[in-house]
Structures are given as C-alpha cells and as structure tokens.
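# Structural characterization, general
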Amino acid sequence: MKMLIKGGERLEGCVSVLGAKNAIAPLIAAMLLVKGRMCFENVPRLTDLEHLLDILRGMGASVEWVGEHTLSVETNHVDPMGLDSKQMKRMRFSILLLGPMLARFQRIQVPEPGGCTIGNRPIDTHLEGLGALGASIERDDKGTMFMEADRLKGASVLATFSVTATENIVMAAVMAEGSTMIRLAAAEPHVQDLCHFLVACGAKIKGIGTHDLVIVGVQRLEAPKKPWHVVSDMLEVGTFAVAAALTKSELTINGVVPEHLYATCDALKRAGVRYELGPTSLTIQRHARYEAFKLQTMIYPGFPTDLQALFGLLATQAHGTSCIHDPLFEARMGYVSELVKMGANAVVADPHRVFITGPTSLRGTEIRSLDLRAGATMVLAGLIAEGETVIHDAEMVYRGYERLDARLVALGASITCLHE
Ligand code: EPU
C-alpha cells in the first residue's frame, strides 16, 4: 500500500490514544494460563495483533471482537498441535507464546520466531530464563525448538532488561512450583500491565514496576469478572506529540498516563516544545522554534527506543546539531537515509548514533517505510514536507498504530491511501 501525503497542513483538535500494542500481545499470550472467558477493553485494531489472534484461533481458542475495541478471549480447550508454525515464524509477537505454552503443555515444539528489520534480536535471555526454571531446550538444524518441563520450578533468573524475556519468564513462573526471583526485570508500563493482570487472575507477584520481581507460583489462575482495560500506549502519545510539534499545531492528546511520559516529556522540553500535562491529557502548544538536543534511548523509565526515529525527525526542524544514540538495536537508523532523500542534513556515525543538523525544509519525494516506527516517522515527515510525499510499504504502520492516517486526517492532515 502507498500513502500520498500533501504537506503543509496544520493539525487541530483532540485525539485519543488506544491501548498499547506491546501490552495487548502479552495479555493475550497470558490467557493460555487463565481459566474462563476474559474481556479486554481499549484494544487497538492492529495487523500484528490479528496475526497473533489467528495463531490462538488455530489452536482452538475462542477469540471474538465484541465491540470496536473490546476483545473476548477464552482458551479452555486449546491444542498445541494446532500451532501454525509458518505464522509463528513470521512474527516477533509469537515469542510471547513460549513461556505460557511451556507452562501449560509441558512439551512444545515451536519454530524460532522470525527476526525483523530493526537489527539482530537474540532470544538467549528467553531461553536461559526458561532453562533456569527447569525446561530442557533443544534445537534442530531447521531452527525448530523442542522444549520440555514436566513441572517448572521457581529459580533466580536474570532478565537483562529484555521486555519480552521478562514477560515470558513471568508467565512461566506464575504457576511454577515455589518462588522465582527475576533480577534486571524490564519495568515498561506494558510489563507492569501484564503483571497486574496476572495478579487480578490470582498470581502472586511482588515488585511490579521495579527491576526485581518476586513471584510465588500458584495452582490456578482464573479470569476476573471485570473487563481488563489495556494500558494506554505511551508510544502513540509520543507520536502524536511529535506530529503536533512538527506541524506547529495545538493538539490535545487524551487518555494518557502522565507517569509513563516522564522521559518523553523531558525530551520534548529539551527540544523546546511547549506542552501542558494534565491528569489524563497532554496538550502540545503552538510554537515556532525548536532547539537541538542530545538523546539516548534507555530501558524504562528512560527514553524509549521506539520513539527514537520520531525524535530524529523532530531534530531536522531544530536549530543546531542534535545527537541521537540508540544502543539497543543496531538497525534503527535506516529512517535517516529516507529523511536525507527529503533534504535532511544528517550523518550516521555508526549503527547506533546519528547527528542531525537543522532546521532544514523537507521536500516531498518517494520514500519507503522500513519498519513500524520508521514508517510512522515517514508519515509525519510527509506532513511537513513541501509538495507531495509518496510512502511505499506504508501498511507497515498498521502493525502498531490503528488507522494512523485516518486519525491524522481527522485532525486536518491530507493523506490518501492507494493499494499497490
Ligand atoms: N536482547 C538480548 N537477548 C535476548 C533478548 C533481547 O540480547 O534474549 C537485547 C536486544 O538485542 C536489545 C535489548 O536486549 O538490544 C532489548 O530488547 P528487548 O528484548 O527488550 O526487545 P523485545 O522484547 O524483543 C520489545 C518491544 C519492541 C521494543 C523493545 C524495546 C514487544 C512485543 N516488543 O521488544 O517493540 O522496541 O521491547 O523496548 O514488546 C515496537 O513497538 O516497534 C517494537 C519493536
């Protein structure tokens, strides 16, 4: 699919953020451990999520949309033999099935989840964590993993701040025998949301929101009666905030959780973006001048790697030379070459660092959406470019943003989608 964007339009009004992509995926995976039917609210409609739901349906789970953003899930009768290896190989989300499937079925045969374009994404922390809990893991030469554990047993585990490894180990540990200590646990809001959900189902987890989690295994997890409201997406908030700043617009973003935005708001402030943070909203105020900034991505509560490219775009509009350092992934600078095609003045120093000098006017041209966050960056670049920007592979943004184009159009942007 391609998107045609006519640059130069101001945005105006209010936008509401939806639940986080990276929160709903582990919640769905965790349902493999939970008895009963569960309703999740504030669920974004995303292509990646639909693929994960298809994998569950393939195993016999009952998964239904019962409202625009409400999903009902029940996994009482699932058969791991129904696992679609091809689908699993294709998407990164499927890594989240390892922990809960092992805990529930004791013996599983799964392909190694596919990589993606943001760099090398090892799974050693996942495997070491599950191994420490007692799983034996073997791989054949085709990459199929055979995992086995008659009964997972609590242990002391290092999660090295990996988001999905922490989630996998939590899901494997909640019904393991005895207690598990996870050190260097990731503490992102989506990791917290998973832990709070499991606690609501009967799990015993202490230290939620910190880097040390203590889990005492329980016999049974049961779906709570009340629907679960998926935590709102701090990455959507950052994306709309940058959209407003770039287009020099006043925009109110509703449904935000202020304590999740500490690093993002700090980065906005250092760039000279003016804003007001309320109890559930963030308003970006109209302003004309931004300043160069230094930014390093970190684990939460530091600045999120997933907003790095968007702030790189903001740097093209700031006075002076900004330095952006992303130590987490080595292929997240791909967006820079696309921005350079549009007229940005940027030098990639190495796979983790870029220097961007601004302000520069961007020109509409043909560019590509390289990954989800780079894709969103290209859409916002199109909003401020002179003339028309054509974004190829634009469907990439639907992996993580529900109808990003339509929501921007509702705020005043000019975007048309064409199927290639
Ligand atoms: N790492 C290892 N070994 C492992 C796992 C990770 O060395 O076994 C390293 C990675 O190479 C990377 C760092 O640890 O340098 C962090 O990776 P992490 O494991 O935290 O990433 P992830 O769990 O695979 C999640 C999000 C990503 C997001 C990262 C970082 C989900 C489903 N995905 O990935 O989201 O970039 O955390 O916050 O939660 C996105 O939303 O665009 C996206 C890619």
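For the structure itself, look to the data block above.
Conventions adopted
Residues numbered from 1 in each chain as written. Predicted model: local features only at pLDDT ≥ 70, side-chain atom pairs only at ≥ 80, totals over all residues. Heavy atoms only, no water. Core = buried A, V, L, I, M, F, W, Y, C linked by side-chain atoms within 4.5 Å. Buried < 20%, exposed > 50% of the residue type's maximum accessible area, 1.4 Å probe, protein only. Contact = heavy atoms within 4.5 Å. Near = heavy atom within 4 Å. Polar contact = N/O pair within 3.5 Å; in protein donor to acceptor, adjacent residues only side chain to side chain. Areas by Shrake-Rupley, 256 points an atom, 1.4 Å probe, with all protein chains shown as cover. Helix = DSSP H or I, 4+ residues; strand = E, 2+ residues; numbered from the N terminus. Nonpolar A, V, L, I, M, F, W, Y, C, P; charged D, E, K, R; others polar. Domains from an automatic or database assignment. Phe/Tyr/Trp six-rings, centres within 6.5 Å; stacked < 30°, edge-to-face > 60°.

What follows is about the nonpolar core. Core analysis: the largest hydrophobic core is formed by 77 residues, its most contacted members being Ile28, Phe40, Leu97, Phe197 and Leu198. Not counting residues within four places of it along the chain, the set of residues in contact with Leu97 comprises Ala29, Leu32, Leu52, Ile55, Leu56, Leu83 and Met88. Listed in part, the 73 residues of the second largest apolar core include Met1, Leu268, Ala315 and Met333.

Taken together, 23 residues form the shell around the ligand, and within it Asp124, Ser162, Thr164, Asp306 and Leu328 come nearest. Between the ligand and Leu328 there is a distance of 2.5 Å, counted from an oxygen atom to a backbone nitrogen or oxygen. Contact with the protein chains covers 87% of the free accessible surface of the ligand, which is 820 Å². Where the shell around the ligand is concerned, the elements lending two or more residues are α1 (21-30), α5 (124-132), α6 (163-173) and α12 (372-384). Here the shell around the ligand gets three residues from one element, more than from any other, and that element is α5. Partitioning the shell around the ligand into residue classes produces nine nonpolar, seven polar and seven charged. Two domains share the shell around the ligand, each providing at least three of its residues, namely domain 1 (2-17 + 232-418) and domain 2 (21-229).

Before going further, it helps to examine the packing of aromatic side chains. For the structure shown, the criterion picks out four aromatic pairs. Ring centres of Phe197 and Trp228 lie 5.5 Å apart, and the angle between their planes is 70°; on these two criteria the pair is classed as edge-to-face. Separated by 31 residues along the polypeptide, Phe197 in helix α7 (residues 189-200) and Trp228 in strand β13 (residues 228-229) bring together distant segments of the chain. With relative accessibility at 0%, the residue Phe197 sits in the buried group. Judged by relative accessible area, Trp228 falls into the buried class, the value being 16%. Considering the side-chain rings of Phe303 and Phe311, the 5.0 Å spacing of their centres and the 80° angle between planes classify their relative orientation as edge-to-face. Pair check on accessibility: Phe303 and Phe311 agree, each one buried. Each member of the aromatic cluster is reached from another via a ring pair, and the members are Phe40, Phe197 and Trp228.

Geometric descriptors of this kind do not, in isolation, establish any biological role.
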